[in-house]
Amino acid sequence: MEIVTNVPTLEQLSKCSLEPYDGIYLGNPYCWRYDGNLIASDDIKNAVELVKSEGKKAYVTTYAVPRNKDLPLIFKLIDAIMDSDVDAIESTNLGVINYIKKEYDFRVHAGGLTNIYTSATAELLVEIGVERIMPAYEISLEEIEMIKRTGVEIEVVIHGKIPLGISHNCFLTKFEESLGEKCPDICRREVYFESDGLVLKPFGNVTLSGKDVCMYEHIEKLIEIGVNAGRVEGISERIGYRERVGRIYRRRLEVGFDRKDLEKLLSLNRHGVCNGFYFNRTGQLYVGGGV
Amino acid sequence: MLEGVFELHVELLAPGGSVEMVQKCFESGANSVYVGVKGWSRRASRYELEDHELVDAIRIARDFNGELRAGFNATPSSSEVGMCLEKIESLYSKGVSAVILNDIGLIKLVRDRLKDLKIVASIGCNILNYHEARLYKDAGANMIVADCKLSFDELKEIKEKVGVGIEVLIHANTDFTYLGKCWMSGYLSLRPDKIGDKSYFVGSPNRGGVCFRPCLKKWCLTDGYAKFADGFNLPNDMFLMLEEIPTLVEFVDCLKIQGREYSVELIGEIVSFYRRFLDCLKSDCNINIEQWKRELLRIATRRDAERLRKTLLLMMASEGKVKL
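Analysis parameters
Residues numbered from 1 in each chain as written. Chains lettered and ligands numbered in written order. Predicted model: local features only at pLDDT ≥ 70, side-chain atom pairs only at ≥ 80, totals over all residues. Pairing = 2+ DSSP bridges. Helix = DSSP H or I, 4+ residues; strand = E, 2+ residues; numbered from the N terminus. Axes fitted to C-alpha atoms, helices over the stretch in contact; angles between N-to-C directions. Parallel < 35°, antiparallel > 145°, perpendicular 65-115°, else oblique. Left-handed = near helix turned anticlockwise from the far one by under 90°. Contact = placed C-beta atoms within 7 Å. Buried ≥ 20, exposed ≤ 12 C-beta atoms within 10 Å, placed from the backbone. Right-handed = clockwise from strand over helix to strand, strands pointing away.

Trainee: Would you mind going over the sheet that holds strand 8 (residues 163–166) of chain A with me for this structure?
Mentor: In a beta sheet, neighbouring strands are held together by backbone hydrogen bonds and run either parallel or antiparallel to one another. Reading across the sheet, the six strands line up as 8(A)-11(A)-10(A)-9(A)-12(B)-13(B) and stay open at both edges, with antiparallel pairing between neighbours. The sheet is open, and its two borders are formed by strand 8 of chain A together with strand 13 (227–232) of chain B, each paired with just one other strand. In this sheet, neighbouring strand axes are inclined to one another by 25 degrees on average, regardless of whether the strands run parallel or antiparallel. Relative to strand 11 (residues 206–209) of chain A, strand 8 of chain A is paired through three bridges, and the arrangement is antiparallel. Bridge pairing links Gly165(A) to Thr207(A) in strand 11 of chain A.

As structure tokens, this is what we get:
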């Protein structure tokens, strides 16, 4: 199983250690205006080269919810990396996925917001030529296993905050005055929406889970299903997060379970951990190892 | 004053939350009515129809020379795709001429089996651009439901470039997120259940259960120490279109009124209102838009009262205080 993560900017890329990872998704897919975002920057080629020079796979992500006006910007990005060493393009829009497959000779990964719930849709994507799928965040491990049977590569989130909603604009900018900061600086702030113990993390146009999905106790199950890549979702995190979490999961794969490592993971986020929807339960619950 | 000079072929589509509502909508002037197939649509099961009710609804649609659309727009599990195909084939043989689907793979499978069934790609598909609309058309969709956030210019461009049918919601709500791309409700609370052999996820709108509308809770914005804002909702607003309709009917194929969960009387009134408005546009009569606006405002006030009651009920249901 590959361990992969995402890095939004060249600045963050140069400051964090990629060592525990096999592959890096470059760019923040949720907002064009994010400061230094590689999906809207000429730095993208340098970023790909940097990742490749460390012997890692370089994946380039694209804007998650493209409208008509966004399409030329996405294809401009892809044109810019045509002759680079990039290993795959990630998209979460069926139209963009289909277009890339028809017009370019790239490997394509369909991301988690593509809404792939069924093996029927996975089969359609395989016919188009898609190489890897991240199933909808909402489906269970049993259902992921059925999608795996189509033969497509599967990637799932093993740790981090999962998207719980994406919109056409950023609701956080409504609070610029009370936060005393403006876009794009505003989404570097660690702020949360809270209501009766329910916590969400706004980050540009996306709303993330307040808790970190943690699958540390269930890695064997993921391997058994045939998961090809486990993603550490680090897009909204501080730089050290990726390295710490990545090392723990690398040890988990190469050495095995360690109670101390698990405890470290559980303490990383003050809002705690959960299992998302992998076990067909309320998303914010943590099931533990007893499943 | 608007001058009504339109050659109108636009379809007025209304909700059928019960057989009674199906009857009422056709009587009030709907060209077609959509209903949810029990366990398979994007609403609570109490607003979905059992098989024998579907047969009644098909008969009523025939009496009015109208179309009955069967909603299968909850996304099934992979293991339920076969069951879904069987159900669609059975309803097709009983006289259903159109279905609403959410899963593009399923759209393709249905199209491969039933060449002349009308397939509508649901609002839950969240189709955002012309490349995406084209893929849905290629998979077999005759019509797509436009996301409420798309502008008229975007819809026109999709129509011109793809030539697929376009359905627009004229009575609905715009969510905090793109519809079909929100999992906040299931993150708050999710209760897997069964309706017959069909699994059903209370708390997941995409999977056919109810949405607990967590966006309408009272939220605060905090970094764990300071509160920067308090007592706000995440936006989720209802809308009723009126002045936009003369522009819309120039390039869209279907105007849809949402609201299977409202009372039959209210929905009947909304349908009748829009029927009269469209007929007025079609004829040469002058339209006093202010007068129409006043009438719509009266309808909206009653609708808001019904919706508030529903929202409070859903919030209690998410805490297990009431059963839906």
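There's plenty left to go through after this.
Trainee: Would you take a moment to explain the packing of helix 3 (residues 81–94) of chain B against helix 4 (residues 104–113) of chain B for this structure?
Mentor: The relative placement of two packed helices comes down to the angle between their axes together with the axis-to-axis distance. All names here are of chain B. Where helix 3 meets helix 4, the axes come as close as 11 Å, and the angle between the chain directions of the two elements is 45 degrees. The orientation of helix 3 relative to helix 4 falls into the category oblique. Classified by chirality, the crossing of helix 4 by helix 3 is right-handed. Here Val81, Cys84, Leu85, Ile88 and Glu89 of helix 3 come into contact with helix 4, specifically with Leu106, Leu109, Val110 and Arg113.

Trainee: Looking at this model, I keep getting lost on the pairing of strand 2 (residues 23–26) of chain A. Mind explaining?
Mentor: Along any regular strand, the residues point their side chains to alternate faces of the sheet. Residues and elements named next belong to chain A. Residues of strand 2 alternate between two faces, with Gly23 and Tyr25 on one and Ile24 and Leu26 on the opposite face, all of them buried. With four bridges connecting them, strand 1 (residues 2–7) and strand 2 associate as parallel partners. Opposite Val4, over in strand 2, you have Gly23 as the bridge partner. Note on the crossover from strand 1 through helix 1 (residues 10–15) to strand 2: the handedness is right-handed. Alignment of strand 2 against strand 3 (residues 57–61), held across four bridges, turns out to be parallel. Residue pairing across strands places Tyr25 opposite Tyr59, the latter belonging to strand 3.

Trainee: Any chance you could explain the environment of Leu216(B) here in plain terms?
Mentor: Residues and elements named next belong to chain B. Mapping Leu216 onto the fold places it in the loop between strand 11 (198–202) and strand 12 (219–222). Distance from Leu216 to Asp237, taken between C-alpha atoms, is 10.0 Å for residues 21 residues apart in sequence. Once you skip the residues sitting within four places of it in the chain, Leu216 turns out to touch Asn233, Asn236 and Thr311.

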